[in-house]
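Listed here are the chains, written in short residue letters.
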Amino acid sequence: MLVFLIILLLVAAGLELSSLRGDLSHIRYECSIDKRSCEPGESFQITSVVANRRRLPVAFLRLEEHLPRELEIVQANTLDLREEKGFLNHYSTIFLMPRQALTRVVTASLPARGRYIFRGAEIYSGDFLGLRELGHSFRLAEEIVVFPPAADLTELEDTLGGFLGEMSVQRFILEDPVLTLGFREYTGREPQRAISWPQSLSKGRLMVKNYDYTQDVSVTIVLNTDYGRKTLKDPRLVEEAFSLARAVCAFLERKKIKYSFLTNATAAGNLGCWSLLAEGLGANHFYTILEGLGRATYDHTEPCRDLFLRAERRAEQGQAHIIITPKVSPNFDGYVRRLKDLTGCPVRVLAASPDAAEEEKEA
């Protein structure tokens, strides 16, 4: 019996000395999300993996995972979750056999638009006798983007339907100088640049080019997030503007109308040139705008005035504009008038708060 106790003490001493000299370099932690983006309230899966890469067991690990505070987890009552320091921390204890990897899958969702980051985890382990604790941090930057919900389309579709009617009429007013159908005799009402001198010399009288009507009118969406003083901004109005932008893009996609996108909204993370998207149509074009709207913050990259100067520089004949803004400032009348003069096309303003004029600051 005494020999057995001596052997047991020697083994315990050996394990304690081994654990005192060890670290957590043999522990691996990974976290992944099965979706890059989603709708508000849409379910996705979070997969966490903790692995022991050495040949000895790990008797005790304490795992502290840092999740977005807004995360809503299915069957959360079975997990040890605590809101601390701006995170939703998930605590668990783990025992790992040699070369074992423990995989845990959790179903969750996020209720609101935004960019959410999973920061990683901390893992703690003690020595064999519990005399000290080792710790190691695993830093991650896994993220998921939640799109804004689309605004109510009932009234919006009626508004945009009338707008499309104006665009259709405008198509038969504007002539396209590229699409030449033939030639006709000069009446004196045509501009001199329309005169075809080779045809005039051939016919012995002044002849002008007969143009076809313009091709389908394109649309530029201008999303403004600069209104009033920053301290007085209402995030709910900005959120509504983002929802309006999504609904307008979805409407144009359904109608197969090409559109470009211009904004002064900032976007969190690496999105590239979010302030301008060239004219396009289709799933990839729409997704890029949705991702930008999901990442957008309440700040702006330039004043409203500079945003409309950019719109004016890019304006062309036959190009309609839809302006989306949290509030309409008194300066909007001038912006709308100049865009109409430059394009010869209608301009529609959609505001989250259309009856509230902003008088605190020049846009």
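This one's a predicted model, so the numbers in the text were calculated from it and none came from an experiment.

Q: Just checking my understanding: could you explain the overall build of the protein chain for this structure?
A: The number of helices and strands found in the protein chain is seven helices and 19 strands. Across the protein chain, every contact between residues at least 6 apart in sequence was considered, and the portion connecting residues at least 24 apart equals 75%. Surface accessibility of the protein chain: about 19600 Å² in total, with carbon and sulfur atoms responsible for 53%.

Q: Would you mind showing me how to read the packing of aromatic side chains here?
A: What characterises a pair of aromatic rings is the spacing of the ring centres plus the angle enclosed by the ring planes. Evaluated as defined, the whole model comprises five aromatic pairs. Seen from their ring centres, Phe308 and Tyr335 are 4.4 Å apart, and the 10 degrees between their planes marks the pair as stacked. Here Tyr335 lies in helix α7 (residues 332–343) and Phe308 lies in helix α6 (residues 304–314), a separation of 27 residues in the sequence. Taken as a pair, Phe308 and Tyr335 share a single burial class, namely buried. Put simply, the rings of Phe308, Phe332 and Tyr335 pair up and form one aromatic cluster. The positively charged end of Arg82 is found above the aromatic ring belonging to Tyr91, 4.0 Å away from the centroid.

Q: Explanation requested: the nonpolar core in the structure shown.
A: Taken as a class, soluble globular proteins show a tendency for nonpolar side chains to be buried jointly. Of all hydrophobic cores here, the largest spans 37 residues; its most connected members are Ile221, Val248, Phe261 and Ile324. When contributions to this core are tallied by element, the ones reaching two or more residues are α2 (153–171), β13 (218–223), α4 (235–254), β14 (259–263), α5 (283–295), β18 (319–328) and β19 (347–357). Considering every element that reaches this core, the biggest residue donor is α4, with 12 residues. Residues in contact with Val248, not counting those within four places in the same chain, are Leu156, Leu160, Ile221, Ile322, Ile324 and Leu350. Core analysis: the next-biggest nonpolar cluster, separate from the first, contains 29 residues, Ile33, Leu110, Leu134 and Phe138 among them.

Q: Looking at this structure, how should I read the pairing of strand β1 (residues 27–33)?
A: Residues in a regular strand point their side chains to alternate faces of the sheet. Judged by which residues are buried, β1 turns out to be one-sided: Ile27, Tyr29, Cys31 and Ile33 face inward and are buried, whereas Arg28, Glu30 and Ser32, on the alternate face, are not. When β1 meets strand β3 (residues 44–52), the two strands line up antiparallel, connected through seven bridges. Within β3, the residue paired with Ser32 across the bridge is Thr47.

Q: Got a minute to help me understand α4 in this structure?
A: Since one α-helical turn is 3.6 residues long, residues separated by three or four positions face the same way. Counted at 1.5 Å a residue, the expected span for α4 with its 20 residues is 28 Å, and the 29 Å between its end C-alpha atoms agrees. Remark: Lys256 follows α4 within two positions and exhibits a positive phi of approximately 60 degrees.

Q: What exactly am I supposed to notice about the sheet that holds strand β8 (residues 101–109) here?
A: The strands making up a sheet associate through backbone hydrogen bonding, with each pair oriented either parallel or antiparallel. Spatially, four strands are ordered β1-β3-β8-β5 in an open sheet, and the strand pairing comes out antiparallel. At either margin of the open sheet sits one strand with a lone partner, and together these are β1 and β5 (72–73). As paired strands, β3 and β8 are joined by eight bridges and run antiparallel to one another. Considered in β8, the bridge of Phe44 is made with Ala108.

Q: Hey, could you run me through the pattern of salt bridges in this one?
A: Any two side chains of opposite charge can pair, given that their charged atoms come close. Inspection of the entire model under this criterion finds 16 salt bridges. A salt bridge links Arg115 to Glu143; the nearest nitrogen and oxygen atoms lie 2.6 Å apart. Of this pair, Arg115 sits in strand β9 (residues 114–126) while Glu143 sits in strand β10 (residues 133–146), placing them 28 residues apart in sequence. For Arg338, the salt bridge identified is with Glu312, shortest N-O distance 2.8 Å. Placement of Arg338 in helix α7 and of Glu312 in helix α6 is noted, with a sequence separation of 26 residues between them.

Q: Hey, could you run me through α7 in this one?
A: Counted at 1.5 Å a residue, the expected span for α7 with its 12 residues is 16 Å, and the 16 Å between its end C-alpha atoms agrees. Turning to α7, its buried residues number three or more, namely Phe332, Gly334, Tyr335, Val336, Leu339 and Thr343. The positive-phi residue at the C-terminal boundary of α7 is Gly344, with phi of around 70 degrees.

Q: Looking at this structure, I do not really get the confidence of the model for the protein chain. What am I missing?
A: Detailed reading of the predicted coordinates is not advisable wherever pLDDT is low. For the protein chain, per-residue confidence averages 81 on the pLDDT scale, and 73% of positions sit at 70 or higher. The spread of mean pLDDT over the elements of the protein chain runs between strand β11 (residues 175–185), the lowest at 56, and strand β2 (residues 37–38), the highest at 96. The low-confidence segment residues 168–179, where pLDDT is below 50, has 31 contacts with residues more than four positions distant or belonging to other chains. Every residue in residues 355–363 scores below 50 in pLDDT, and together they form 21 contacts with partners more than four places removed in sequence or on other chains.

Q: Mind showing me how you'd approach the packing of α6 against α7 here?
A: Between two packed helices, what matters for the description is the angle formed by their axes and the separation of those axes. One can describe the packing of α6 onto α7 by two numbers: an axis separation of 10 Å at closest approach and a directional angle of 5 degrees. The pairing of α6 with α7 is recorded here as roughly parallel in orientation. From α6, Cys304, Arg305, Phe308, Ala311 and Glu312 reach across to α7, where they touch Phe332, Tyr335, Arg338, Leu339 and Leu342. Taken together, the residues of the contact of α6 with α7 break down into seven nonpolar, no polar and three charged.

Q: What is the right way to look at the pairing of strand β6 (residues 80–84) in this model?
A: Examined bridge by bridge, β6 and strand β7 (residues 87–96) share five bridges and lie antiparallel to one another. Following the sheet pairing, Leu81 is matched in β7 by His90. If you look at the hairpin formed by β6 and β7, you'll find two residues sitting between the two strands, and Lys85 has a positive phi there, around 55 degrees.

Calculation criteria
- Each chain carries its own residue numbering, running from 1 in the direction its sequence is written.
- Whole-chain, interface and lining totals are the exception, using all residues; otherwise, since this is a predicted model, local features are given only for residues with pLDDT of at least 70 and side-chain atom pairs are given and counted only at 80 or more.
- To obtain the side-chain values, all non-hydrogen atoms of the structure were used and water was disregarded.
- Numbering of helices and strands runs from the N terminus, with a helix taken as a DSSP run of H or I at least four residues long and a strand as a DSSP run of E at least two residues long.
- Contacts: residue pairs with any heavy atoms within 4.5 Å of one another.
- All accessibility values rest on the Shrake-Rupley procedure with a 1.4 Å probe; residue burial counts only the protein chains present in the view.
- To pair, rings of Phe, Tyr and Trp, with the six-membered ring standing in for Trp, must have centres within 6.5 Å; the planes then decide the type, stacked if under 30 degrees apart, edge-to-face if over 60, and tilted in the middle.
- The buried label applies to any residue whose accessible area, calculated with a 1.4 Å probe on protein chains only, is under 20% of its type's maximum; exposed applies above 50%, and partly exposed to all values in between.
- Only when the NZ of Lys or the CZ of Arg is both within 6 Å of the ring centre and within 35 degrees of the ring normal is a charge said to sit over the ring.
- Working definition of a nonpolar core: buried Ala, Val, Leu, Ile, Met, Phe, Trp, Tyr and Cys residues. They are joined through side-chain atoms within 4.5 Å.
- When DSSP finds two or more bridges between a pair of strands, those strands are recorded as paired.
- Expected span of a helix: the number of residues minus one, times 1.5 Å.
- A pairing counts as a salt bridge when a side-chain nitrogen of Lys or Arg comes within 4 Å of a carboxyl oxygen of Asp or Glu.
- Here pLDDT means the predictor's own confidence in every residue, given as a number from 0 to 100.
- An axis is simply a line fitted to the C-alpha atoms; with a helix, the fit covers only the stretch in contact. Between two such axes, the angle follows the N-to-C directions and lies from 0 to 180 degrees.
- In this scheme, roughly parallel covers angles under 35 degrees and roughly antiparallel covers those over 145, while 65 to 115 is roughly perpendicular and the rest are oblique.
- For this classification, the nonpolar set comprises Ala, Val, Leu, Ile, Met, Phe, Trp, Tyr, Cys and Pro, the charged set comprises Asp, Glu, Lys and Arg, and every other residue, Gly included, is treated as polar.

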